[in-house]
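Working through the structure, step by step
Listed below are the residues making up each chain.
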Amino acid sequence: KPAPSKPAAKTKASGKAAPAKKPPGRPSAYTKEIGTVLCGAIAAGMSLRRICEAEGMPSMTTVLRWLADEEKPEFRLQYACAREAQADLLAEEILEIADDGSNDTYEDADGNQRTDQDVIARSRLRVDARKWLASKMAPKRYGDKIEATHTGPNGGPIQARIAVEFVRPRPVAEDDE
């Protein structure tokens, strides 16, 4: 819903309404269509950098400016949803990588089955990279749960102590009043 426009100010000389001031700089190239294409590509797993390198897409700086723009809350929400969808896609890829054992073994020259440690290490790296990225994109869903507990000495309860000290006022002489 667009913001209500302010009435145009009247000029002193003519008493007629002055033309509305244009915002400084060139107009934004943002359209809902570009936002939808951009967020769809993010949800499909593409990086923002790669999307912005494509023909006809805005620069990364422009997209970051749109995300910071208070007048584009619908784009920020769409972008956040796309990032969550991308985190879900990464979680699915983790399962696919972990379940794919097709290249884990090979047959050596003597016909013996051997474990290909390089392939397994690379798969582990791919899984770890996706886990880390998903935890940053959707920390509530994929981040590490950190539990903070407060305990006293030796794991016991926290003890609070309040000391009250009564102080007798010094006697006031009649001359001090």
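Preceding this section is the structure that the text describes.
A few points on the structure. (Residues numbered from 1 in each chain as written. Predicted model: local features only at pLDDT ≥ 70, side-chain atom pairs only at ≥ 80, totals over all residues. Heavy atoms only, no water.)

**Points about the overall build of the protein**
What counts here: For helices the rule is a DSSP run of H or I covering at least 4 residues; for strands it is a run of E covering at least 2, with both sets numbered from the N terminus onward. A simple rule labels every residue: compare its accessible area, found with a 1.4 Å probe on the protein chains alone, to the largest value its type can have, and call it buried under 20%, exposed over 50%, or partly exposed in between. Should any heavy atoms of two residues lie within 4.5 Å, those residues are considered in contact. Per-residue accessibility takes into account occlusion by the displayed protein chains alone, with areas from the Shrake-Rupley method and a 1.4 Å probe.
Along the backbone of the protein there are six helices and two strands. Tracing the protein from N to C terminus, the helices and strands come up as α-α-α-α-β-β-α-α. Expressed as a percentage of the 177 residues in the protein, the buried residues total 19%. Long-range pairs, those at least 24 residues apart, make up 47% of the contacts in the protein between residues at least 6 apart in sequence. Total accessible area on the protein stands at roughly 15,200 Å², and carbon and sulfur atoms take up 54% of it.

**With respect to the nonpolar core**
Note that soluble globular proteins tend to have their nonpolar side chains buried in a common cluster. Basically, it comes down to this: Working definition of a nonpolar core: buried Ala, Val, Leu, Ile, Met, Phe, Trp, Tyr and Cys residues. They are joined through side-chain atoms within 4.5 Å.
In this structure, L38, I42, L48, I51, V63, F75 and Y79 are the most contacted members of the largest nonpolar core, which totals 15 residues. Elements that contribute at least two residues to this core include exactly α1 (32-43), α2 (48-53), α3 (60-68) and α4 (73-99). Looking at this core, the element that brings in the most residues is α1, giving four residues. In contact with Y79, other than residues within four places in its own chain, are L38, C39, I42, L48 and L67.

**Examining a negative patch on the surface**
Our working rule: What makes a patch is a set of residues exposed beyond 30% relative accessible area and free of salt bridges, joined within 9 Å when like-charged and within 5 Å when nonpolar (Val, Leu, Ile, Met, Phe, Trp, Tyr). Whenever Lys or Arg places a side-chain nitrogen within 4 Å of a carboxyl oxygen from Asp or Glu, that contact is recorded as a salt bridge. Charge assignment in this entry is limited to Lys and Arg as positive and Asp and Glu as negative, and neither His nor the chain termini are counted. Charged side chains are reduced to one point each, which is NZ for Lys, CZ for Arg, CG for Asp and CD for Glu.
There is a patch of like negative charges on the surface, built from E92, E96, D99 and D100. Within the fold, D99 resides in helix α4. Taking relative accessible area as the criterion, D99 reaches 66% and is therefore assigned exposed.

**Here's the deal with the pattern of salt bridges**
In total, this model carries seven salt bridges according to the counting rule given. One salt bridge in this structure joins E53 and R49, with 3.5 Å as the shortest N-O distance. You can see E53 and its partner R49 sitting in helix α2, four residues apart, about one turn around the helix. Of the charged contacts, one joins R130 and E93 as a salt bridge, the two residues approaching to 2.7 Å between their closest N and O atoms. Here R130 is found in helix α5 (residues 117-137), whereas its partner E93 is found in helix α4, with 37 residues between them in sequence. Shared partners join several salt bridges into a network, and the residues in it are E84, D88 and R141.

**Structural notes on the side chain of S135**
Our working rule: In protein, a polar contact requires one atom able to donate a hydrogen and another able to accept it; more generally it is a pair of N or O atoms within 3.5 Å, and residues adjacent in sequence count only if both atoms are side-chain atoms.
Counting through the fold element by element, S135 comes out in helix α5. With a relative accessible area of 14%, S135 lands in the buried category. Engagement of the side chain of S135 in a polar contact is seen with the backbone oxygen of W132, the distance being 2.6 Å. The residues touching S135, leaving out its near neighbours within four places in the chain, are Y142 and G143.

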